[in-house]
Amino acid sequence: MESKEIALIKFLANRRDYGEALTACNSLLLSSGENNIDILRVRAYVHSRSGNLDSAINDYRIILASRDAQLRDWYLAADNALEAERHLDATEWFSEVIRKSELQGESWFHSA
């Protein structure tokens, strides 16, 4: 279930209030303790929406290095890297999506 804070951050980002959304993300990160992957996911989303792809990719790198990385994280990281013309990162991460999806029996990204 999504927390109220994360829902608010997504609302702000969708309203294009990126500064306020990032301030809320950073505040949550400071108070979150150890488990901050969901906050990093939403901050990467805000960065991506605002066109700050380098920052989004930096957040995804942290997420991907964690044991909590999901298939969708690999896909979104690759998508952001492709948009930022970071083709080596995009290729590596899309390859990981394909590898992991075959292991997990997932195929949703084929239609993405």
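Let me sum up the structure you'll find in this document. Note that this is a predicted model, so its numbers are computed, not measured.

**Thoughts on helix 1 (residues 4–14)**
Okay, step 1: Those residues of helix 1 not exposed but buried are Ile6, Ile9, Leu12 and Ala13. The buried side chains of helix 1 occupy one side of the element, clustering within an arc of 120° when seen end-on.
Okay, step 2: One or two residues past the end of helix 1 sits Arg16, with phi positive at roughly 65°.

**Considerations on the environment of Ser27**
Okay, step 1: In this fold, Ser27 is placed in helix 2 (residues 18–31).
Okay, step 2: Considering only alpha carbons, one finds Ser27 and Asp59, 32 residues apart in sequence, at a separation of 15 Å.

**Thoughts on the packing of aromatic side chains**
Okay, step 1: As enumerated under the stated definition, the model contains one aromatic pair in all.
Okay, step 2: Taking the centre distance of 5.8 Å and the plane angle of 65° together, the rings of Tyr75 and Phe94 count as edge-to-face. With Tyr75 in helix 5 (residues 71–83) and Phe94 in helix 6 (residues 87–104), the pair connects residues that are 19 residues apart, well separated along the chain.
Okay, step 3: On the basis of relative accessibility, which here comes to 17%, the residue Tyr75 falls in the buried class.
Okay, step 4: Residue Phe94 is classed as partly exposed on the basis of its relative accessible area of 25%.

**A look at helix 3 (residues 37–50)**
Okay, step 1: In this model helix 3 runs 20 Å from its N-terminal to its C-terminal C-alpha over 14 residues, within 8% of the 20 Å that 1.5 Å per residue would give.
Okay, step 2: Listing the buried residues of helix 3 in full gives Ile37, Ile39, Leu40, Arg41, Val42, Arg43, Ala44, Val46 and His47.
Okay, step 3: Those residues of helix 3 hidden inside the fold are in contact with helix 1, helix 2, helix 4 (53–65) and helix 5.
Okay, step 4: Gly51 lies just past helix 3 and shows a positive phi near 90°.

**Looking at the packing of helix 3 against helix 4**
Okay, step 1: Look at helix 3 against helix 4: their axes get within 8 Å of each other, and the N-to-C directions meet at 160°. Of the possible angle classes, the one that applies to helix 3 and helix 4 is roughly antiparallel. The handedness of the crossing between helix 3 and helix 4 comes out as left-handed. Mapping the contact onto sequence places Ile37, Leu40, Arg41, Arg43, Ala44, His47 and Ser48 in helix 3 and Leu53, Ser55, Ala56, Asp59, Tyr60, Ile62 and Ile63 in helix 4.
Okay, step 2: Each residue belonging to the contact of helix 3 with helix 4 can be placed in one class, and the counts come to eight nonpolar, three polar and three charged.

**A word on the nonpolar core**
Okay, step 1: Within the largest apolar cluster, 29 residues are counted, with the highest numbers of intra-cluster contacts made by Ile9, Ala21, Val46 and Trp93.
Okay, step 2: Listed by contribution, the elements that provide at least two residues to this core are helix 1, helix 2, helix 3, helix 4, helix 5 and helix 6.
Okay, step 3: Ignoring sequence-local partners within four residues, the contact set of Trp93 consists of Ile57, Arg61, Leu64, Trp74, Ala77, Ala78 and Ala81.

Calculation rules
Residues numbered from 1 in each chain as written. Predicted model: local features only at pLDDT ≥ 70, side-chain atom pairs only at ≥ 80, totals over all residues. Heavy atoms only, no water. Buried < 20%, exposed > 50% of the residue type's maximum accessible area, 1.4 Å probe, protein only. Helix = DSSP H or I, 4+ residues; strand = E, 2+ residues; numbered from the N terminus. Arc of directions from axis to C-beta. Phe/Tyr/Trp six-rings, centres within 6.5 Å; stacked < 30°, edge-to-face > 60°. Expected span 1.5 Å × (residues − 1). Contact = heavy atoms within 4.5 Å. Axes fitted to C-alpha atoms, helices over the stretch in contact; angles between N-to-C directions. Parallel < 35°, antiparallel > 145°, perpendicular 65-115°, else oblique. Left-handed = near helix turned anticlockwise from the far one by under 90°. Nonpolar A, V, L, I, M, F, W, Y, C, P; charged D, E, K, R; others polar. Core = buried A, V, L, I, M, F, W, Y, C linked by side-chain atoms within 4.5 Å.

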